[in-house]
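What the coordinates show
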Amino acid sequence: MAATVVEPSTSDLSPCAFYAPLPGRPVLQPTDRAEEPKFFKILDDVYQTGIPHIGKELPFPRQLENGEITQLYLDIGYHPFRGSDGRIKGILALVHDVTDKVHARQRVEESEAALRESFSTLQEERALRERFVSTLAHDLRTPLTAVRMSSQLLLRNADDPARLQKLAGRIADNIDRADEMIRDLLDANRLKAGEKLPLEVGPCCLNEVARQTLEELSSIHGDRFVLQASSTIEGIWSSSGIRRILENLCGNGVKYGAPRRSVTVSLAAEAGQVEIQVHNEGMPIPAVELPHLFEPFRRSTTARASGERGWGLGLTLVKGIAEAHGGTVSVQSSEAHGTVFTVRLSPGP
């Protein structure tokens with residue numbers, strides 16, 4: 001006793017096909033297509049055991065007349081039927097094409113996943129913004145409070161020129177500090193909107209800008225900075241932009257790097273590019289966070305664990321300033337070698 005298969009056509013799958021016995025023919029023929037062995041194996045098992053088999057949404061690749069492969073999904077039921085003597089005479093196969101149903105469900109699942117991801121992103125962004133607003137309110141209040149107090153003291157010390165000059169200087173410093181915060185916020189919003197930062201470029205000696213910036217930072221953080229440069233590097237850049245890059249990267253090196261360890265700034269020019277590297281030792285930035293490090297309002301786990309307050313805008317501005325120069329910024333971080341930020345710039349426009 002044997003059976004062969006009467007298949008539905010690929011263009012119009014019938015919900016029902018009949019597997020009928022043909023004398024002298026095996027259940028599985030040598031000419032069976034390579035993509036169909038699992039169906040013929042199931043058919044053979046049903047024929048040999050007499051136990052029905054029901055499969056739901058089974059993937060079934062089909063080759064079309066133009067040679068393309070399409071994926072069908074089938075509900076298949078194999079049911080043996082017996083003759084009057086109780087022996088299996090053939091197999092009834094119920095085949096139903098559910099490809100459209102499966103594709104529709106997949107589209108719904110993809111839409112639900114996209115909605116969940118969007119909702120999660122919105123929640124995360126909301127949390128970031130709330131944290132940012134809280135930090136902004138705290139940081140802006142500090143210089144404004146200092147300005148108010150100095151102004152009050154200014155009125156009380158009108159007859160002391162030396163005291164007046166000191167208080168006026170304190171007021172100017174705190175106004176500059178508040179102005180810098182507002183400028184960073186406005187620039188970050190420009191970058192988030194896809195705009196490039198406006199830069200005033202001109203002849204610039206990179207060595208001199210780096211030296212002056214590190215001297216100013218040393219007056220705040222102490223003798224923590226090392227400048228390395230094998231030659232004088234000059235080009236057409238924004239001096240204030242380069243200064244902001246160094247202030248942010250070196251400031252981060254002090255805040256989040258190993259205490260009392262040097263922060264090294266290296267300058268080099270080769271292959272038509274200028275390279276600024278800022279290196280600090282200490283706890284590495286987790287590898288999973290590196291791709292998101294330059295996004296606005298982002299702070300690494302290392303930064304948050306340090307207890308240092310921050311807006312999560314410094315590295316966003318570094319990236320924006322580098323790109324405004326037609327350059328790039330990258331970062332490498334490991335326990336063995338510390339953290340290295342590399343800014344690459346062209347010599348000029």
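Residues numbered from 1 in each chain as written. Predicted model: local features only at pLDDT ≥ 70, side-chain atom pairs only at ≥ 80, totals over all residues. Heavy atoms only, no water.

**Some remarks on the state of the cysteines**
A covalent bond bridging the sulfur atoms of two cysteines is what the word disulfide describes. For the coordinates displayed, the defined rule picks out zero disulfides. Summary of cysteine pairing: Cys204 is not part of a disulfide, and the nearest cysteine sulfur, belonging to Cys205, is at 7.0 Å. Residue Cys204 is classed as buried on the basis of its relative accessible area of 6%. (Disulfide = S-S within 2.5 Å. Buried < 20%, exposed > 50% of the residue type's maximum accessible area, 1.4 Å probe, protein only.)

**Digging into the pattern of salt bridges**
Any two side chains of opposite charge can pair, on the condition that their charged atoms come close. The full count for this structure, using the stated rule, is 10 salt bridges. For Arg105, the salt bridge is made with Glu109, and the minimal N-O distance between the two is 3.5 Å. With Arg105 and Glu109 both in helix 2 (residues 99-156), this residue pair falls four residues apart, about one helical turn. The partner of Arg211 in a salt bridge is Glu208, with the nearest N and O atoms 2.2 Å apart. You can see Arg211 and its partner Glu208 sitting in helix 4 (residues 206-221), three residues apart, about one turn around the helix. Three or more residues joined by partner-sharing salt bridges are found here, namely Glu57, Lys101, Arg105 and Glu109. (Salt bridge = Lys/Arg side-chain N within 4 Å of Asp/Glu carboxyl O. Helix = DSSP H or I, 4+ residues; strand = E, 2+ residues; numbered from the N terminus.)

**Digging into the confidence of the model for the protein**
Detail in the predicted coordinates should be disregarded across regions flagged by low pLDDT. Confidence in the prediction of the protein, expressed as mean pLDDT, is 78, and 79% of residues score 70 or more. Between the elements of the protein, mean pLDDT differs from a low of 38, seen in strand 1 (residues 16-19), to a high of 95, seen in strand 6 (residues 225-229). Scored below 50 in pLDDT, residues 1-35 shows 68 contacts in the model against residues more than four places distant or in partner chains. (pLDDT = per-residue confidence, 0-100. Contact = heavy atoms within 4.5 Å.)

**Comments concerning the nonpolar core**
Core analysis: the largest hydrophobic core is formed by 35 residues, its most contacted members being Ile276 and Val343. Of all the secondary structure elements, the ones that give two or more residues to this core are helix 4, helix 5 (239-256), strand 8 (263-270), strand 9 (273-280), helix 7 (314-324), strand 10 (328-334) and strand 11 (338-345). The element that contributes the greatest number of residues to this core is helix 5, accounting for six residues. Among residues more than four places away in sequence, those in contact with Ile276 are Leu206, Ile242, Leu246, Val265, Ser266, Leu267, Phe341, Thr342, Val343 and Leu345. (Core = buried A, V, L, I, M, F, W, Y, C linked by side-chain atoms within 4.5 Å.)

**With respect to the pairing of strand 10**
Working note: regular strand, side chains alternate between the two faces of the sheet. Side-chain alternation along strand 10 places Val329, Val331 and Ser333 on a buried face and Thr328, Ser330, Gln332 and Ser334 on a face that remains uncovered. Where strand 10 and strand 11 come together, seven bridges link them in antiparallel fashion. Bridged to Ser330 within strand 11 is Thr342. Between the antiparallel neighbours strand 10 and strand 11 lie three residues. (Pairing = 2+ DSSP bridges.)

**Observations regarding the packing of aromatic side chains**
Following the criterion strictly, the structure yields one aromatic pair and no others. Considering the side-chain rings of Phe294 and Phe341, the 6.2 Å spacing of their centres and the 90° angle between planes classify their relative orientation as edge-to-face. One end of the pair, Phe294, is in the loop between strand 9 and helix 6 (301-305); the other, Phe341, is in strand 11, and 47 residues separate them in sequence. Like Phe294, the residue Phe341 is buried in the burial classification. (Phe/Tyr/Trp six-rings, centres within 6.5 Å; stacked < 30°, edge-to-face > 60°.)

**Side note on the packing of helix 5 against helix 7**
Contact geometry for helix 5 and helix 7: axes closest at 9 Å, N-to-C directions at 145°. Crossing of helix 5 against helix 7: the hand is left-handed. Packed against helix 5, whose contacting residues are Gly241, Arg244, Ile245, Asn248, Leu249 and Asn252, the element helix 7 presents Gly314, Leu315, Leu317, Val318, Ile321 and Ala322 at the interface. Along the lines of polarity and charge, the residues of the contact of helix 5 with helix 7 split into seven nonpolar, four polar and one charged. (Axes fitted to C-alpha atoms, helices over the stretch in contact; angles between N-to-C directions. Left-handed = near helix turned anticlockwise from the far one by under 90°. Nonpolar A, V, L, I, M, F, W, Y, C, P; charged D, E, K, R; others polar.)

**Brief notes about the pairing of strand 4 (residues 88-97)**
The sheet contact formed by strand 3 (residues 69-82) and strand 4 spans nine bridges and is antiparallel. Note on strand 4: the bridge partner recorded for Tyr78 is Ala93. Hairpin connection from strand 3 to strand 4: five residues lie between these consecutive antiparallel strands, with Gly86 at a positive phi of about 85°.

**Here's the deal with the environment of Ala287**
Looking at where Ala287 falls in the secondary structure, it is placed in the loop between strand 9 and helix 6. Judged by its relative accessible area of 62%, Ala287 is exposed. Separated by 46 residues in the primary sequence, Ala287 and Ser333 place their C-alpha atoms 7.6 Å from one another.

**Considerations on unusual backbone geometry**
A positive phi is found at Glu57, a non-glycine position, where the angle reads about 50°. Relative to the elements of secondary structure, Glu57 occurs in strand 2 (residues 53-63). In this model, Arg260 sits at a positive phi of 65°, which is unusual for a non-glycine residue. Along the chain, the position of Arg260 falls in the loop between helix 5 and strand 8.

**What about the sheet that holds strand 8?**
One open sheet holds the five strands; their spatial order is 6-8-9-11-10, and the pairing between them is mixed. The sheet is open, and its two edges are formed by strand 6 and strand 10, each paired on a single side. Going across the sheet, the axis of each strand differs from the next one's by a mean of 15°, ignoring polarity. With seven bridges connecting them, strand 9 and strand 11 associate as antiparallel partners.

**Some words on the side chain of Asp75**
Here Asp75 shows up in strand 3. This buried residue, Asp75, is left without a salt bridge; Lys56 holds the nearest opposite charge, at 4.1 Å. A polar contact is formed between the side chain of Asp75 and the backbone nitrogen of Glu57, at a distance of 2.7 Å. (Lys, Arg positive; Asp, Glu negative; His and termini not counted. Polar contact = N/O pair within 3.5 Å; in protein donor to acceptor, adjacent residues only side chain to side chain.)

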